[in-house]
Amino acid sequence: MSAVWVEDEAAEAAEAAAANRNKELKIERETHKLEKRLCRQMGQAIMDFNMIEEGDRVMVCMSGGKDSYGMLDILLKMQQRAPINFEIVAVNLDQKQPGFPDHILPEYLAKLGVEFHIETQDTYSIVKKNIPEGKTMCSLCSRLRRGILYNVARKLKCNKLALGHHRDDMLQTFFLNMFFGGKLKGMPPKLTSDNGEFVVIRPLAYVAEKDLIRWAAHRQFPIIPCSLCGSQTNLQRVQIGNMLRDWEKQYPGRAETMFTALQNVVPSHLMDHSKHDFKAIRPTGVEDENGDKAFDEEEFPAPALPSLSGLPSVQVVTL
Ligand code: SF4
């Protein structure tokens, strides 16, 4: 009797070990797929927008958040396999927010072996002094930060600034501009800085935030919380973020479709006179697939139908 019990226990333990191993293998496979996707998406964005060229010295702006850690991590992988030579300098601005753990980034970057620079400037006090209590400090804070980062880039002889905004930041910005600014305007993957001196790039442009969250957990980045300054969060951005997440939950794939739309602009079907010369429009005498279709509705691929499993069987009746 006891032998049977022992045998059962051993079999159970073997089964549990096998299940654990399968689980581990599945996680390994998923992580490998995630890494490949992150590299592919960053590589594609770099190529599509010619973000990085031979001889570039790229200043990678590190905030200590998951996105900038992910950007640096993947960019370093890309640097090893890139067909061109370029340099990376990681830069963090220590703005002297109370409680900022100023040892975390230097320790992490030194261990990584990447060239880095920590710029310490007490913008926190300036912002506190100039913004009344209870008002959001972010716009002055980011203006000061921008100026400092340009100075640092100049000092470090960098020609490009890489920022860690991802696909979802870009979509949020697009909707913020449309809902609150009355503009069809997103966040560019590559643009000249406002002082005309540098090129700003966003190598995570094609990367979804959920992938960066998973990557940060896998790599165990030492994340520094972003609420140290005690500033109020941008409520409009939070609202838009929630709206996009709800849409994605209800209609999976919608974020991807909207992101594709940002790359497929049809100025003749909008109303911006500076992008299309509406006044000069005349008949051409030539058929054009993109011409006006009068009352025809636009046609779109059918949305995915809910699964029919579980529904009572339906009898088809021919009338
Ligand atoms: S959250 Fe704080 S540190 Fe970040 S931009 Fe706003 S004021 Fe500056």
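Above this text is the structure in question.
As a starting point, this report considers the structure included with it. These figures come from a predicted structure and were not determined experimentally. For every chain, the first residue of the written sequence is number 1, and numbering continues from 1 along that sequence. In view of the model being predicted, local features appear only for residues whose pLDDT reaches at least 70, and side-chain atom pairs are presented and counted only at 80 or more, with totals across whole chains, interfaces and linings using the full set of residues.

### Re the sheet that holds strand S5 (residues 190–192)
One key point about sheets: their strands pair by backbone hydrogen bonds, in either a parallel or an antiparallel sense.
Reasoning step 1: One requirement defines pairing of two strands: DSSP has to find at least two bridges between them. Counting from the N terminus, the helices are DSSP H or I runs at least four residues long and the strands are E runs at least two residues long. Within the open sheet, the six strands sit side by side as S3-S2-S1-S4-S6-S5. Their pairing is mixed. The open sheet terminates on both sides in strands that have one partner only, identified here as strand S3 (116–120) and S5. Neighbour to neighbour, the strand axes of the sheet diverge by 25° on average, direction disregarded.
Reasoning step 2: Relative to S3, strand S2 (residues 87–94) runs parallel, the two being bridged by five bridges. Residue pairing for S3: Val91 is matched across the bridge by His117.
Reasoning step 3: Against the sheet, helix H2 (residues 66–81) contacts strand S1 (57–62), S2 and strand S4 (160–162), and its axis sits at roughly 155° relative to S1. Axis lines are fitted through C-alpha atoms, for helices just across the contact stretch, and the angle between N-to-C directions can take any value from 0 to 180 degrees. Contact criterion: two residues are in contact if their C-beta atoms, reconstructed from the backbone, are within 7 Å.

### Description of helix H4 (residues 123–130)
Reasoning step 1: Residues of H4 that are buried include every one of Thr123, Tyr124 and Val127, and no others. Considered in projection along H4, the buried side chains sweep an arc of 105° and stay on one side of the axis. Exposed side chains of H4 directed beyond 90 degrees from the buried face belong to Ser125 and Lys129. Residues with at least 20 neighbouring C-beta atoms inside 10 Å of their own are called buried, those with 12 or fewer are called exposed, and the rest are partly exposed, where every C-beta is derived from the backbone. Here the arc refers to the set of directions running from the helix axis out to each C-beta atom.

### Regarding unusual backbone geometry
Residues other than glycine predominantly adopt negative phi, and peptide bonds predominantly adopt the trans conformation.
Reasoning step 1: Positive phi, normally seen in glycine, also occurs at Lys96, with a value near 65°.
Reasoning step 2: Mapping Lys96 onto the fold places it in the loop between S2 and helix H3 (104–112).
Reasoning step 3: The phi dihedral of Gln220 is positive, around 50°, even though this residue is not glycine.
Reasoning step 4: Note that Gln220 resides in the loop between helix H7 (209–219) and helix H8 (235–250).

### A look at H3
Reasoning step 1: Those residues of H3 not exposed but buried are Leu105, Tyr108 and Leu109. The buried residues of H3 occupy an angular sector of 95° when projected down its axis, which confines them to one face. Summarising the geometry of H3, the exposed residues directed more than 90 degrees from the buried face are Glu107, Ala110 and Lys111.
Reasoning step 2: Where H3 is buried, its residues meet S1, S2 and S3.
Reasoning step 3: One or two steps after H3, the chain reaches Gly113, where phi turns positive at roughly 80°.

### Some thoughts on the nonpolar core
Reasoning step 1: Only buried residues count toward a nonpolar core: Ala, Val, Leu, Ile, Met, Phe, Trp, Tyr and Cys, linked into one set through C-beta atoms within 7 Å. In terms of nonpolar packing, the biggest core is built from 42 residues, with Met59, Val60, Cys61, Leu161 and Ala162 touching the most fellow members.
Reasoning step 2: In this view, Leu161 contacts Met59, Cys61, Leu149, Ala153, Ser193, Phe198 and Val200; residues no more than four positions away in its chain are not counted.

### A short note on the packing of H4 against helix H5 (residues 138–155)
Reasoning step 1: Viewed as axis vectors pointing N to C, H4 and H5 meet at an angle of 145°, and their least axial separation amounts to 10 Å. Between H4 and H5 lies a crossing whose hand is right-handed. Note on element contacts: H5 touches H4 through Leu140, Cys141, Leu144 and Arg145, opposite Thr123, Ile126, Val127 and Asn130.
Reasoning step 2: Partitioning the contact of H4 with H5 into residue classes produces five nonpolar, two polar and one charged. The crossing is said to be left-handed when, going from far helix to near helix, the turn is anticlockwise and less than a right angle, and right-handed when the turn is clockwise. Following the grouping adopted for this structure description, the nonpolar residues are Ala, Val, Leu, Ile, Met, Phe, Trp, Tyr, Cys and Pro, the charged ones are Asp, Glu, Lys and Arg, and the polar ones are all others, Gly among them.

### Observations concerning the site of the ligand
Reasoning step 1: Near, for a residue, is defined by distance from a backbone-placed C-beta atom to a molecule or strand, with 6 Å as the limit that must not be exceeded. For the ligand, the full set of nearby residues is Met137, Cys138, Cys141, Ser142, Cys226, Cys229 and Ser231.
Reasoning step 2: Tallied by class, residues from the shell around the ligand come to five nonpolar, two polar and no charged.

### Side note on the environment of Val207
Reasoning step 1: In this fold, Val207 is placed in the loop between strand S6 (199–201) and H7.
Reasoning step 2: By the C-beta count within 10 Å, which is 26 here, Val207 ends up buried.
Reasoning step 3: With 93 residues separating them along the chain, Val207 and Phe300 place their C-alpha atoms 25 Å apart.
Reasoning step 4: With residues up to four places along the chain from it excluded, the contact list for Val207 reads Leu38, Gln41, Met42, His166, Arg167 and Leu212.

### Quick word on the pairing of S1
Reasoning step 1: Of all six residues that make up S1, five are buried, and the element is covered over most of its length.
Reasoning step 2: The pairing of S1 with S2 spans six bridges and is parallel. Directly across from Val60, in S2, lies its bridge partner Ala90.
Reasoning step 3: Handedness of a crossover: with both strands directed away from the viewer, a clockwise path from the first strand across the helix to the second marks it as right-handed. Taken together, S1, H2 and S2 form a β-α-β motif whose crossover is right-handed.
Reasoning step 4: Relative to S4, S1 is paired through three bridges, and the arrangement is parallel.

### Considering the packing of helix H6 (residues 167–181) against helix H9 (residues 254–261)
Reasoning step 1: Contact geometry of H6 with H9 gives a least axis separation of 10 Å together with a crossing angle of 70°. Classified by the angle their axes make, H6 and H9 are roughly perpendicular. The hand of the H6/H9 crossing is left-handed. Here Arg167, Asp168 and Leu171 of H6 lie close against H9, whose contacting residues are Ala255, Met258 and Phe259.
Reasoning step 2: When the residues that make up the contact of H6 with H9 are grouped by side-chain class, the tally is four nonpolar, no polar and two charged. If an angle is under 35 degrees, it is roughly parallel; if it is over 145, roughly antiparallel; if it lies from 65 to 115, roughly perpendicular; otherwise it is oblique.

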